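Take a look at the letters that make up each chain.
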Amino acid sequence: DTQQQAIQGLSAWVNQSGSTLHIDSIDPAGQITGHYINRAQGYGCQNTPYPVTGWVYGTAITFTVKWENATEACNSITSWTGFYYDGVITTLWQLVVNKSKNKKQIIQGQDVFKPVKQ
Ligand code: BTN
C-alpha cells in the first residue's frame, strides 16, 4: 500500500545524550544493519562506530550493540527495545558486562531518539 513505513533504512537518529543510531538498511524481513556512535558521558567506547544489528516490526524496534571495534573494546553489550511514535523512537535499554553473575549488574536506562535531518 501507500502507507509510509515508520522507520526507514538510511536514517539517522540522535538521543538525549548525543549518541547516534545510523540505520544503514532494513531488509524485507525487517532486519536492521547499521552502526552506533556512543557520545554519552560516563561510559567507555565513545566517538567511534560500533556495528548494530536488530529488527523492526512496523513501529516496534529492537537493536543491539556489542561494544568491540578496532579502536576500543568495553567488554559489554547493550540492547534497546522500543517503538516509533510521534516522530521519535522511545526505548528502554539494558547493558550487560561480560562475566556478570547477578542480574543487579545489568544496567538499565531509557533513551529517546529524534531523527537527524540528512
Ligand atoms: C560501555 O561503557 O560499557 C559501553 C558504552 C555504553 C554506552 C551506553 S549504551 C546505553 C546508553 N545510551 C547511549 O547512547 N550510551 C549509553
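Before reading on, note that the structure itself is shown above.
Bear in mind that the values here come from a model prediction, so they are computed numbers and not experimental data. Counting of residues starts from 1 at the beginning of each chain's written sequence and follows it residue by residue. Owing to the predicted nature of the model, reporting of local features is limited to residues with pLDDT of at least 70; listing and counting of side-chain atom pairs is limited to 80 or more, with chain, interface and lining totals taken over all residues. Only hydrogens and water are removed before side-chain values are computed, so all heavy atoms of the structure are retained for them.

1. A short note on the site of the ligand
Here's step 1: Around the ligand lies a shell of 15 residues, among which Ser19, Tyr36, Asn38, Ser76 and Asp111 are the nearest.
Here's step 2: Side-chain polar atom of Ser19 to an oxygen atom of the ligand: 2.7 Å apart, as the coordinates give it.
Here's step 3: As used in this structure description, the phrase polar contact means that two N or O atoms lie within 3.5 Å; if the pair is within protein, one of them must be able to donate a hydrogen and the other to accept it, and residues adjacent in sequence are counted only when both atoms belong to side chains. At a separation of 3.1 Å, an oxygen atom of the ligand approaches a polar backbone atom of Gly44.
Here's step 4: Surface accessibility in these figures is a Shrake-Rupley result with a 1.4 Å probe; residues are shielded only by whichever protein chains are displayed. Here the ligand, which alone exposes 410 Å², has 94% of that area covered by the protein.
Here's step 5: Charged residues are taken to be Asp, Glu, Lys and Arg, nonpolar residues to be Ala, Val, Leu, Ile, Met, Phe, Trp, Tyr, Cys and Pro, and polar residues to be all remaining types, Gly included. Its residues placed into classes, the shell around the ligand shows eight nonpolar, six polar and one charged. Whether a residue is near a molecule or strand is decided by its heavy atoms; if any one of them lies within 4 Å of it, the residue is near.

2. Digging into the side chain of Asp111
Here's step 1: Structurally, Asp111 is set in strand β8 (residues 107–115).
Here's step 2: Buried Asp111, no salt bridge; nearest opposite-charge side chain is Arg39, N-O distance 12 Å.
Here's step 3: For Asp111, the side chain forms a polar contact with the side chain of Asn15, separated by 3.3 Å. The way it works is that DSSP assigns letters per residue, a run of H or I at least four long becomes a helix, a run of E at least two long becomes a strand, and they are numbered from the N terminus. Only protein chains enter the accessibility calculation, which uses a 1.4 Å probe; a residue whose area is less than 20% of its type maximum is buried, one above 50% is exposed, and one in between is partly exposed. Under the counting rule used here, the positive set is Lys and Arg, the negative set is Asp and Glu, and His together with the chain ends is not counted. Within this document, salt bridges are pairs made up of a side-chain nitrogen of Lys or Arg and a carboxyl oxygen of Asp or Glu, the two lying within 4 Å of each other.

3. Here we look at the side chain of Thr91
Here's step 1: Assignment of secondary structure puts Thr91 in strand β7 (residues 88–97).
Here's step 2: A polar contact is formed between the side chain of Thr91 and the backbone oxygen of Asp111, at a distance of 2.7 Å.
Here's step 3: Residue contacts follow a heavy-atom distance rule, with two residues in contact if any of their heavy atoms lie within 4.5 Å. Discounting chain neighbours no more than four positions away, the residues touching Thr91 are Trp80, Thr81, Gly82, Gly109, Gln110, Asp111 and Phe113.

4. Observations regarding the sheet that holds strand β1 (residues 11–15)
Here's step 1: Around the barrel, eight strands lie side by side as β1-β2-β3-β4-β5-β6-β7-β8; this closed barrel has antiparallel pairing. Averaged over all pairs of adjacent strands, the angle between their axes in this sheet comes to 30 degrees, without regard to strand direction.
Here's step 2: Here three bridges tie β1 to β8, and the two strands are oriented antiparallel to one another. Note that in β8 the partner of Val14 across the bridge is Lys114. A strand pair is defined by DSSP finding two or more bridges across the two strands. Between the N-to-C directions of two axes lies an angle of 0 to 180 degrees, each axis being a line fitted to C-alpha atoms and, for a helix, fitted only over the stretch in contact.

5. Some words on the packing of aromatic side chains
Here's step 1: Centres within 6.5 Å make a pair out of two Phe, Tyr or Trp rings, where for Trp the six-membered ring is used; the pair is then stacked when the planes are under 30 degrees apart, edge-to-face when over 60, and tilted otherwise. Taken as a whole, this structure holds nine aromatic pairs when the rule is applied.
Here's step 2: Residues Tyr50 and Trp67 carry aromatic rings whose centres are separated by 5.1 Å and whose planes lie at 65 degrees to one another, so their mutual orientation is edge-to-face. Remark: Trp67 occurs in strand β5 (residues 60–68) and Tyr50 occurs in strand β4 (residues 49–57); sequence separation between them is 17 residues. For the pair Tyr50 and Trp67, one class covers both residues: buried.
Here's step 3: Put simply, the rings of Tyr36, Tyr50, Phe63, Trp67, Trp80 and Phe113 pair up and form one aromatic cluster.

6. Regarding the state of the cysteines
Here's step 1: Defined by distance alone, a disulfide is two cysteine sulfur atoms within 2.5 Å. According to the stated counting rule, one finds one disulfide in the structure shown.
Here's step 2: At a sulfur-sulfur separation of 2.1 Å, the disulfide partner of Cys45 is Cys74. Residues Cys45 and Cys74 are joined by a disulfide whose S-S torsion is about 120 degrees; by sign, that bridge is right-handed. Here the residue Cys45 occupies a position in the loop between β3 (31–37) and β4, and Cys74 occupies one in strand β6 (residues 73–85), the gap between them amounting to 29 residues.
Here's step 3: A residue is classified by how much of its surface remains accessible, and Cys45, at 1% relative accessible area, is buried.
Here's step 4: For Cys74, a relative accessible area of 23% gives the class partly exposed.

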